[in-house]
Amino acid sequence: MRSTTPRAALRRVAGTLAAAGLLAAGSLALSAPARAAGPVMGFGGPAETALHPYPASGGPQRTSVAVTVDNPSRDEEQGRFDGDYTVTFDLSGIAGVADAVFGREGGADCEITGTTGVCHDTGLAPGTNPLPDLRVGAAAGSRDGESGTIRVTGTADGAAFTPFTTRVVIGGPDLVMERAPLEQELEPGRTQPFPLAFANHGTRAAEGVVLTLMYTRGIEFTERYENCVYSEDDAGQGVPVWTTALCSVEGSYEAGAVYELAEPLTLRATQRAYRDTLVYRINEAGPSVRGAGRAAPGARGDVLALREAPAVRSSDLDPSDNQQETDFSTANTADFAAYGDTASGLPGSTVGADIGFRNEGPAWIGSLRSGEPVATVDFTVPEGASVSAWPGTCRGVTADGQYREEQAGAPRYVCDTSMAVREDGGSALHFDLKVTEAVTGASGTVEVRGTRSRDPLLPFDPDRGNNTAALVLNADGAGDSGATAAGSTAGSSGSGGPTDDASAPAVSASADATGATAPTGSRTGTGGRLAATGTGAATAAGAAAGALLAGGVLYMAARRRLGH
């Protein structure tokens, strides 16, 4: 066997899940570091890869064994290893069980001779680096259940590599989640049954399963079970966006059979529903997902005792079909109400102002699929003032909304919200303004609008009357009644590039205020201040792993045999 690709630099790996999907739950193995004078590179990859059995006709179906090299340095500028290195794949352990070839895409020169594969390349960036795609298929004459190992080693001048071994097995379970027939156009408070079902299209039974249910803030299940662990993901900002239920169900789920819930779950659209997503996934259970758990509040059924259940996990033949997703649209509205402020000060002084908007509900608003801000706060500076500090989510533009290189002292600022705003949240923004001249009753506008100035309407907000407020400076002409010395607060925004508010991307998520009034935030790195109590999209990566209760209150029953 031989496959060669042009020599080039390896690509960096960067992975995210879209706004509302889950990574295939699989076991990942990493080689342990060893002591060496230079950097010690570690290999990573799947602990086990399942292959479809050799077919009666045609060629084998190949599966990628994604092996990576980890450069332990996290110094992006100085941590790169620039030397040549060689990676060797010892394939003798899979002889007669599987055959391997290198894929055509890849940055290194790779070649397989006999039972040895060798890749040469130069340079390893800090972090995880992918090796060329090693594609493995069942060998002619191999039998279901047979297995073997691939050993990976590396050499380089000035660096060491820790060996890595991954297992390849012929056959296994292949769990396939069926798409549930769900109504997607909803009304607040409406319930519907959720008749979940899955099949095993593999060659062997799955020993225990883990059902993952992941749903956004506006929908919920009316039941909770003792053998499920429930958690909320707040994206690190204190505002829950996703709820995840991990349900462990014991039993043997045979190849060729279809299973369903003994009784359907009930899915409900809450009063805060608007645009929501449900993700449901099935995986075989294993040691990595069994363990201690906590009883779910309000759960049904018996309290389960915990015990260690040693088991050998079989890999899924095709993890890509384990998951289904459904998006819901609920007839509901949200009311984004802008608020301004008043301030006063003598010429030369600096005053603070807190502006923004509140979501008066009833719906929460999220754009988790696109990851885009749900709204923009558009602030026009009052006459006689110059902005010296502003939040990092804001960018200064010209009076007509075009790009402006100098960010301090801009006549107008546009500020992107986060990608999710809960039903009692909003966005609180703090500006420092230097009073340049005494203008009695100078007024600037605060508008919450759509993210594109050419299309300012908020489709979920029918009440446009409160989308605009005022920031009034020196309303009574006193000049010093509200002055506060802000000290040295001159800001310098870090948002480079075009800032046309009609097309510029979001710099970062703005705050999602949890209270009824605008809180005073902490100072940002751009010289402004921002109340950091907001939310972003929850990542779903790794949601099928964690502490679970073994056993079954959530029972699954064999429904039918495939092909019958």
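In this section: the state of the cysteines. Disulfide: a covalent bond formed between the sulfur atoms of two cysteine residues. Under the definition given, this model contains three disulfides. One disulfide in the model links Cys110 with Cys119; its S-S distance is 2.1 Å. Between Cys110 and Cys119, the S-S dihedral sits near 115°, and the bridge is therefore right-handed. By relative accessible area, Cys119 is classed as buried at 2%. Covalent S-S linkage joins Cys228 and Cys247, the inter-sulfur distance amounting to 2.0 Å. Residues Cys228 and Cys247 are joined by a disulfide whose S-S torsion is about 110°; by sign, that bridge is right-handed. Taken together, the residues Cys228 in strand E21 (residues 228–233) and Cys247 in strand E22 (residues 242–253) connect sequence positions 19 residues apart. Bonded cysteines in the protein chain are paired 1-2, 3-4, 5-6 when counted in the order they occur along the chain.

Turning next to the sheet that holds strand E4 (residues 63–65). Taking strand neighbours across the sheet as the criterion, the three strands line up as E4-E11-E7 in an open arrangement whose pairing is antiparallel. For this open sheet the edge positions go to E4 and strand E7 (98–102), each flanked by a neighbour on one side alone. Neighbour-to-neighbour, the strand axes of the sheet open up by a mean angle of 35°, direction not taken into account. Here E4 pairs with strand E11 (residues 134–138) via three bridges, running antiparallel. Counted as the bridge partner of Val65 is Leu134 from E11.

So, on to empty space enclosed by the protein. Going through the model one piece at a time under the given rule, you end up with two cavities of 30 Å³ or more. When its volume is computed, the largest cavity comes out at roughly 50 Å³. Around the largest cavity, the lining is made up of 11 residues, and of these Leu213, Glu223, Tyr225, Tyr230 and Leu265 lie nearest the centre. Within the residue set of the lining of the largest cavity, elements represented by two or more residues are strand E19 (206–216), E21 and E22. Split into classes, the residues belonging to the lining of the largest cavity amount to 10 nonpolar, no polar and one charged.

In this section: the pairing of strand E5 (residues 68–71). Examined bridge by bridge, strand E2 (residues 40–46) and E5 share three bridges and lie antiparallel to one another. Residue Phe43 lies in a different strand from E5, and its bridge partner there is Val69. Sheet analysis places E5 next to strand E10 (residues 127–130), joined by four bridges and oriented antiparallel. Within the sheet, the bridge partner assigned to Asn71 lies in E10 and is Gly127.

Take the nonpolar core next. Ranked by internal contacts, the top residues of the largest apolar core, which has 37 residues, are Phe336, Ile365, Phe379, Val387, Phe431 and Leu433. Looking at this core, the elements that each hand over two or more residues are strand E27 (334–339), strand E29 (350–362), strand E31 (376–380), strand E32 (385–389), strand E34 (412–416), strand E36 (426–435), strand E37 (442–449) and strand E38 (468–473).

A word on the packing of aromatic side chains. Overall, the coordinates contain 15 aromatic pairs when judged by the stated rule. Aromatic side chains Tyr215 and Phe221 sit 5.2 Å apart centroid to centroid with 85° between the ring planes, which places their arrangement in the edge-to-face category. Of the two residues, Tyr215 and Phe221, both sit in the buried class. Taken together, Phe194, Tyr215, Phe221 and Tyr280 form an aromatic cluster joined through their ring pairs.

Below, the discussion takes up the pattern of salt bridges. Tallied over the entire structure, the rule returns 13 salt bridges. The shortest N-O distance in the salt bridge between Arg135 and Asp133 comes to 3.6 Å. Residue classification places Arg135 among the partly exposed residues on the basis of a relative accessible area of 28%. By relative accessible area, which is 25% here, Asp133 ends up partly exposed. As a salt-bridge pair, Asp378 and Arg412 come within 2.6 Å of each other at their nearest N and O atoms. Of this pair, Asp378 sits in strand E31 while Arg412 is found in strand E34, placing the two residues 34 residues apart along the sequence. We classify Arg412 as buried; its relative accessible area is 13%.

Averaged over every residue, the pLDDT of the protein chain is 76; the share at 70 or more is 70%. Scored below 50 in pLDDT, residues 287–299 shows 42 contacts in the model against residues more than four places distant or in partner chains. Low pLDDT (under 50) marks residues 479–564, which in the prediction has 292 contacts with non-local residues, meaning those over four places away or in another chain.

Each value, and the rule that gives it
- Residues numbered from 1 in each chain as written.
- Predicted model: local features only at pLDDT ≥ 70, side-chain atom pairs only at ≥ 80, totals over all residues.
- Heavy atoms only, no water.
- Disulfide = S-S within 2.5 Å.
- Buried < 20%, exposed > 50% of the residue type's maximum accessible area, 1.4 Å probe, protein only.
- Helix = DSSP H or I, 4+ residues; strand = E, 2+ residues; numbered from the N terminus.
- Pairing = 2+ DSSP bridges.
- Axes fitted to C-alpha atoms, helices over the stretch in contact; angles between N-to-C directions.
- 1 Å grid on protein atoms, 1.4 Å probe; cavity = no way out; pocket = protein on both sides within 12 Å on 5 of 7 lines; lining within 4 Å.
- Points joined across faces, edges and corners; volume = space filled by probe spheres on them.
- Nonpolar A, V, L, I, M, F, W, Y, C, P; charged D, E, K, R; others polar.
- Core = buried A, V, L, I, M, F, W, Y, C linked by side-chain atoms within 4.5 Å.
- Phe/Tyr/Trp six-rings, centres within 6.5 Å; stacked < 30°, edge-to-face > 60°.
- Salt bridge = Lys/Arg side-chain N within 4 Å of Asp/Glu carboxyl O.
- pLDDT = per-residue confidence, 0-100.
- Contact = heavy atoms within 4.5 Å.

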